[in-house]
Amino acid sequence: MPPFILGIETSCDDTSASVVEGTIVRSNVTANQEIHKEFGGVVPELASRAHQQNIVPVIEAAIRRANIRKNQLAAVAFTQGPGLLGSLLVGSSFAKSFALAMEIPLIEVDHMQAHILAHFLEDPQNQRPLPSFPFVCLTVSGGHTQIVLVRDYFDMEVLGQTIDDAAGEAFDKSAKILGLPYPGGPIIDKLAAGGDPVRFSFSRPNIPALDYSFSGLKTSILYFIRDELKKDPAFIEENKRDLCASIQATIVEILMGKLKLAVEEIRDTRYAIPDHGSRIVDVAIAGGVSANSALRKALLETADKEGWNAFIPQFEYTTDNAAMIAVAGYFKFLKGDFTKQSAISYARSRW
Ligand code: KG4
Ligand code: ZN
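Residue positions are given per chain, counted from 1 along the sequence in the order it is written. Chain letters and ligand numbers both follow the written order, the letters beginning at A and the numbers at 1. Per-residue local features of the predicted model are confined to residues with pLDDT of at least 70, and side-chain atom pairs are confined, for both listing and counting, to 80 or more; whole-chain, interface and lining totals are unaffected and use all residues. Excluding hydrogens and water, the side-chain figures rest on all heavy atoms present in the structure.

### Overview of the coordination of the zinc ion (ligand 2)
- Only N, O and S atoms count as donors, using a 2.8 Å cut-off from the metal and 3.2 Å for Na, K and Ca, and because water is excluded some sites may appear unfinished. Within the protein, the zinc ion (ligand 2) binds to His111 (NE2), His115 (NE2) and Asp320 (OD); these donor distances fall in the range 2.0 to 2.1 Å.
- We note that the donor set of the zinc ion (ligand 2) lies within a single chain, spaced as H-x3-H-x204-D. Of this pair, histidine 111 sits in helix α3 (residues 111-117) while aspartate 320 is found in the loop between β10 (309-311) and α9 (323-335), placing the two residues 209 residues apart along the sequence. Each member of the pair, histidine 111 as well as aspartate 320, carries the same accessibility label: buried. Here a strand is any run of E in DSSP of at least two residues, a helix any run of H or I of at least four, and the numbering for each starts at the N terminus. Per-residue accessibility, obtained with a 1.4 Å probe over protein chains only, is compared with the maximum for each type, and a residue is labelled buried under 20%, exposed over 50%, and partly exposed between these values.

So, in structure tokens, the structure goes:
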């Protein structure tokens with residue numbers, strides 16, 4: 001029988017706990033923090049306070065919904081970073097105390113690796129193929145945008161990343177310019193459904209290699225809107241759907257352009273993969289922005305044209321969740337890769 005692992009995720013504004021049985025999710029409970037909406041973004045001090053309020057009931061609910069007793073848990077895994085330090089400390093302190101009290105191993109998990117490992121969560125009712133190593137994963141969230149060569153569960157190399165804003169930030173900041181609430185990504189996605197994606201054109205970055213930049217796009221949207229509002233104060237209201245569709249299409253085009261380049265470069269053996277003939281065919285997306293319908297569609301279409309196998313995580317495991325932490329914990333558990341009570345959280349990406 002695979003072990004039960006408790007996963008705890010508190011890196012940003014979601015307090016989440018999950019129990020997995022190997023790679024199968026037995027429960028995944030998330031308390032979203034509504035408080036940040038009125039501030040138009042995450043307020044770190046309020047986030048850590050809300051984690052303190054939520055952590056005990058969320059973990060109790062996760063264990064209850066998994067229908068197990070807490071002494072059946074084989075280990076506890078927690079997000080060590082990257083993220084907001086005050087938020088991370090709530091989850092890591094709880095995990096450390098829990099491991100001590102229950103006399104079970106403690107496992108540290110990197111949040112960005114966990115987003116990628118969410119692909120290995122299995123649903124017995126809905127069996128899907130899993131990506132095979134090595135594969136390429138575009139990890140797109142509110143804090144990161146990375147093209148990662150995934151050689152093995154914990155052998156990952158970042159081939160390119162954003163030099164300024166993350167893709168999720170590009171969505172959220174564009175939404176803010178349009179007067180939409182935080183987080184803007186899912187709202188832009190919804191409004192874009194009825195809009196014309198080629199109606200408006202915004203500047204594309206010209207960044208070398210496999211890196212990204214999104215700050216120029218934000219500025220171009222800001223100036224365009226400012227000029228149009230001068231001519232017609234109702235410009236946003238009258239064109240909201242087309243604006244959302246055009247912004248979304250631009251972000252997706254930028255993301256897919258470099259992803260395609262990355263797969264081609266790997267095929268051209270710049271990143272030699274021993275025993276693999278350098279042919280990457282499995283290409284995945286992960287992180288909050290991988291919930292975006294246009295990005296999902298673009299990946300499937302490109303995969304069709306290029307002969308890739310496309311992998312998109314199940315919708316509920318795209319944005320922050322503890323199931324991805326728990327499954328990453330399970331893979332570390334198999335290796336006996338445990339951490340000490342002295343583990344220190346980190347705010348910035350380690351790789
Ligand atoms: O992975 P995540 O939940 O948290 C971080 O690790 O940052 O990602 C959150 C980001 C936010 O910027 C949010 O706007 C974006 O993911 N997001 C979306 C969609 N759903 C979430 N962006 C575009 N379309 C969506 N459907
Ligand atoms: Zn995340």
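Past the structure itself, the notes keep going.
### Section: the packing of aromatic side chains
- Pairing of aromatic rings covers Phe, Tyr and Trp, the last counted by its six-membered ring, and requires centre-to-centre distances within 6.5 Å; plane angles under 30 degrees mean stacked, over 60 mean edge-to-face, and any other angle means tilted. On inspection of all chains with the given rule, the structure shows 15 aromatic pairs.
- Between the aromatic rings of phenylalanine 120 and phenylalanine 331, the centroid separation amounts to 6.0 Å while the plane-to-plane angle is 85°, which identifies the pairing as edge-to-face. Linking phenylalanine 120 in the loop between α3 and β6 (135-140) with phenylalanine 331 in helix α9, this pair joins segments that are 211 residues apart in sequence.
- Taking the relative accessible area as the measure of exposure, phenylalanine 120 reaches 3% and is therefore buried.
- The class of phenylalanine 331 is buried, set by a relative accessible area of 7%.
- Where phenylalanine 133 meets phenylalanine 135, the ring centres are 5.8 Å apart and the plane angle is 25°; that geometry is what we call stacked.
- Exposure remark for phenylalanine 133: the relative accessible area of 25% places this residue in the partly exposed category.
- For phenylalanine 135, a relative accessible area of 0% translates into the label buried.

### Side note on the sheet that holds β6
- Across the sheet, 5 strands lie side by side as β8-β7-β6-β9-β10; this open sheet has mixed pairing. Unpaired on one side and paired on the other, β8 (155-161) and β10 mark the two borders of the sheet. Between one strand axis and the next, the sheet turns by 25° as a mean value, whatever way the strands run. A pair of strands is labelled paired if DSSP reports no fewer than 2 bridges between them. A fitted line through C-alpha atoms represents every axis, and for helices the fit uses only the stretch in contact; the resulting angles, taken between N-to-C directions, go from 0 to 180 degrees.

### Concerning the pattern of salt bridges
- By definition here, a salt bridge exists when the distance from a side-chain nitrogen of Lys or Arg to a carboxyl oxygen of Asp or Glu is within 4 Å. Summed over the entire model, instances satisfying the criterion amount to 12 salt bridges.
- For the salt bridge of arginine 226 with aspartate 227, the shortest nitrogen-to-oxygen distance reads 3.7 Å.
- On the basis of relative accessibility, which here comes to 34%, the residue aspartate 227 falls in the partly exposed class.
- Linking glutamate 306 and lysine 260 is a salt bridge whose minimum nitrogen-to-oxygen distance equals 3.7 Å. A residue pair is termed long-range when its members are at least 10 positions apart, and glutamate 306 in helix α8 (residues 293-306) and lysine 260 in helix α7 (residues 235-267) qualify at 46 residues.
- Taken together, the shared-partner salt bridges connect Asp165, Glu169, Lys173 and Lys218 into one network.

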